[in-house]
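The residues making up each chain are set out below.
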Amino acid sequence: MLRKAVLITATMTLALGAVGIGITPSGADSGSQCTFQHVPNLNPGLSYKPSNGNFIDPGGGTAECKGAVNGSGSYTDSGTYSNATCQSGGTAEGTPTFTINGETFTDHVKIVFGKEPPHFPNGFVRATFEGEKVKGTIDLTPTKGDCIDSPVTQIKGVGEFDIK
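Scope of this entry: the structure provided in the associated data block. Just so we're clear, the structure is a prediction, and the values are computed from it rather than from any experiment.

Reading the values: rules and limits
Residues numbered from 1 in each chain as written. Predicted model: local features only at pLDDT ≥ 70, side-chain atom pairs only at ≥ 80, totals over all residues. Heavy atoms only, no water. Salt bridge = Lys/Arg side-chain N within 4 Å of Asp/Glu carboxyl O. Helix = DSSP H or I, 4+ residues; strand = E, 2+ residues; numbered from the N terminus. Buried < 20%, exposed > 50% of the residue type's maximum accessible area, 1.4 Å probe, protein only. Pairing = 2+ DSSP bridges. Disulfide = S-S within 2.5 Å.

Scanning the entire structure with this criterion turns up 3 salt bridges. For the salt bridge of R126 with D139, the shortest nitrogen-to-oxygen distance reads 2.7 Å. Here R126, found in strand β11 (residues 125-131), pairs with D139, found in strand β12 (residues 134-144); they are 13 residues apart in sequence, far enough to count as distant. Summarising the burial analysis for this pair, R126 and D139 share the class buried. With its nearest N and O atoms 2.5 Å apart, the salt bridge here joins E130 to K164. Linking E130 in strand β11 with K164 in the segment after β13 (152-163), this pair joins segments that are 34 residues apart in sequence. Given a relative accessible area of 42%, K164 falls into the partly exposed group. One salt-bridge network, in which partners are shared between bridges, spans E116, R126 and D139.

Pasting the structure below:
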């Protein structure tokens, strides 16, 4: 039971790096709703000692939008996380990019972890994010590391956002 509680708490912190996951299409009309998923790596990873680091998505993420921006395509993200531990929230900033129907969209977003409860089974930690043109949420689950025996160095993010 303690291991499970620690893992959930670790995931909350890991959500920090996870995700800058919002994207803003340049010049797109408002009213589009999008979903996405990706699996970024965290460096140096999350543990019980507060850390700052980077997250980088090696590719393979996906996005799907309905509305003025319509279709599915690829998603990637990179950024930084600050004051992150396995037992507390934190913040992050990222620059997500997605391509739909040959058009590439990007935005700079600020991410806050732990303000909303997680939505199981999508993730153990929920983060909110907002950029100039997007606003959304992401649920995060650790995929490498557990904050008990090893730092969390990879997380899966599943989220949604609205294009403003």
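This paragraph deals with the pairing of strand β5 (residues 71-76). Note that strand β4 (residues 61-66) and β5 share 5 bridges and pair antiparallel. Bridging across to β5, E64 finds its partner in S72. Hairpin geometry of β4 and β5 is characterised by an intervening segment of 4 residues between the two adjacent antiparallel strands and by a positive phi of about 130° at G67. Where β5 lies against strand β8 (residues 97-100), 4 bridges are found, and the strand directions are antiparallel. Residue pairing across strands places G73 opposite I100, the latter belonging to β8.

Within this structure, the stated rule accounts for 1 disulfide. Between the sulfur atoms of C34 and its disulfide mate C65 the distance is 2.1 Å. On the sign convention where negative means left-handed, the S-S torsion of about 110° between C34 and C65 marks this disulfide as right-handed. Of this pair, C34 sits in strand β1 (residues 33-38) while C65 sits in strand β4, placing them 31 residues apart in sequence. The pair C34 / C65 is uniform in exposure class, with both members buried.

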